[in-house]
Each structure stands twice: as structure tokens, then as C-alpha cells.
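Topology and contacts: notes
Chain residues, written in single-letter form:
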Amino acid sequence: MTEETPPDVFDEFDDLESLLQYSLEEDHEFLAWLDTSVDNVGDGTMTMSIPYDEKLTNTRPTADPDERADLHGGVAATLIDTVGGLSLRTAMDDPFETKIATINLNVNYLRPATGDLVATADVIRVGSSVGVSEVTVESTTPDGETKVVAIGQGAYRVFRSQ
């Protein structure tokens, strides 16, 4: 929740997914521009996605012109960072009274992504000042095969309200 968001905005939503989606669209222009979606929120886990869009791709010099271009790795890293940090909130007593900032982000790219990205984060631990989550990113190829394209881990500074 930002300073501009009125406290009663929580009453307008039936579930946490809708509230977080509203926050992404209203308060995070970059994530909104990427068309980021909150797909699922559970206890200690969260899934978010970004649809394939040619504006987010790189072309390889030897790539077949009939093949789909690969999504830029920074899109997957952004998704890992975002879902990793937000997932920590699902393991907190006061999820919206806390600020979170990335301390460290590690991303391992396994293969090119040529379709929508879907990232699932699992909270490893949330302590009094640091939280850690692990994230798996999958992408479905145009022929329908889904594969893990990246894995990551984030460490986040947790600023709890006094």
C-alpha cells in the first residue's frame, strides 16, 4: 500500500490476488507496462506471469526468421524479483504494514523463453529483518511444450512497522 492509497481500498477487494493486481496496475508503471498478472496467492507461495510480447524480445544473429524471438532475460529477472518479494508478504502477520527491498537477487537462465512467462515463488524464510524466497520461471513454447527457463533466489530486507 502506498501513501496515496486510501486505507479503505482493502474493503473493495474479495481476495488478495485482486488487491495485489490493483496495486501493480496503479502503483507500479513498469510492471503494468509489462502486463504483469497476479495469478495465485497462497500461504508462503505466489504465482505471477508476464505474457509474451515482441517488444520484450531479442533476436539472435543466427536465428531462423520463422522462429519466435527470445524474451529478454531481464524480463524473467524482473518477474523473479517481483514475485519473490511479494511472496514474503504471504508469510507475514501484517503483510501491508511492512516495506520490502531487494538485498540480493540471483538468476540462473536455463534456456531461452519463447512464450509467456509464469513464475512461482516459495518462501524459504521470513525473519525479523530478512526474507528469502526461491522462484521457478516456466515458459510455454509456441508448440505447447512448457519448460523451466530460469530459476532464482532473492534475499529481501524486511522493514517492519514499529
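What you see is a predicted model, and the numbers here were worked out from it, not measured in a lab.

1. Quick look at the nonpolar core
- Counting 27 residues, the largest nonpolar core has M46, M48, V83, L117, V135 and V137 as the members making the most contacts within it.
- Of all the secondary-structure elements, those providing two or more residues to this core are α1 (16-27), β1 (37-42), β2 (45-50), α3 (73-89), β6 (117-126), β7 (130-140) and β8 (146-160).
- The greatest single-element share of this core, amounting to six residues, is contributed by α3.
- What M48 contacts, discounting residues up to four positions off in sequence, is L24, T36, S37, V38, D39, L79, T82, V83, L86, L117, V118 and A119.

2. Digging into the packing of aromatic side chains
- Counting across every chain of the model gives one aromatic pair.
- Their ring planes at 20° and their centres at 6.3 Å tell us that F30 and W33 sit as a pair that is stacked. A residue pair is termed a helical-turn pair when its members lie 3 or 4 positions apart in one helix, as F30 and W33 do in helix α2 (residues 29-33) at three residues.
- The partly exposed category is assigned to W33, whose relative accessible area is 46%.

3. Looking at the pattern of salt bridges
- Tallied over the entire structure, the rule returns two salt bridges.
- Close ionic contact of K147 with E145 constitutes a salt bridge, the shortest N to O distance being 3.7 Å.
- Residue K147 is classed as partly exposed on the basis of its relative accessible area, which comes to 33%.
- Relative accessible area serves as the criterion here: at 41%, E145 is assigned to the partly exposed category.

4. Topic: unusual backbone geometry
- Positioned with a positive phi, D35 is a non-glycine residue whose angle comes to about 65°.
- Judged by relative accessible area, D35 falls into the partly exposed class, the value being 46%.

5. Focus: the side chain of T36
- Mapped onto the fold, T36 is located in the loop between α2 and β1.
- Excluding its chain neighbours within four sequence positions, the residues that come into contact with T36 are Q21, L24, L31, M48, S49, I50 and L79.

6. Things to note about the confidence of the model for the protein
- Per-chain confidence: the protein averages 88 in pLDDT, with 90% of residues scoring 70 or above.
- Across the protein, the secondary-structure element scoring lowest on mean pLDDT is α1, at 82, and the one scoring highest is β6, at 98.

7. Here we look at the environment of D70
- Looking at the secondary structure, you find D70 in strand β4 (residues 70-71).
- Measuring from C-alpha to C-alpha, the distance between D70 and A113 comes to 5.4 Å, with 43 residues separating the pair along the chain.
- Ignoring sequence-local partners within four residues, the contact set of D70 consists of L56, T57, N58, R60, P112, A113 and T114.

8. A look at the pairing of β1
- Across five bridges, β1 lies against β2 in antiparallel orientation. Considered in β2, the bridge of N40 is made with T47.
- Where β1 hands over to β2, the hairpin turn is made up of two residues, of which G44 adopts a positive phi near 80°.

9. Details of the environment of L88
- The residue L88 is located in helix α3 in this model.
- Since its relative accessible area comes to 0%, L88 is described here as buried.
- In the structure, L88 is positioned 44 residues away from G44 in sequence and 6.8 Å away in space, judged by C-alpha atoms.
- The contacts of L88, once residues within four sequence positions are left out, are I100, V123, R125, V126, G131, V132, S133 and Y156.

Conventions and cut-offs
- Residues numbered from 1 in each chain as written.
- Predicted model: local features only at pLDDT ≥ 70, side-chain atom pairs only at ≥ 80, totals over all residues.
- Heavy atoms only, no water.
- Core = buried A, V, L, I, M, F, W, Y, C linked by side-chain atoms within 4.5 Å.
- Buried < 20%, exposed > 50% of the residue type's maximum accessible area, 1.4 Å probe, protein only.
- Helix = DSSP H or I, 4+ residues; strand = E, 2+ residues; numbered from the N terminus.
- Contact = heavy atoms within 4.5 Å.
- Phe/Tyr/Trp six-rings, centres within 6.5 Å; stacked < 30°, edge-to-face > 60°.
- Salt bridge = Lys/Arg side-chain N within 4 Å of Asp/Glu carboxyl O.
- pLDDT = per-residue confidence, 0-100.
- Pairing = 2+ DSSP bridges.

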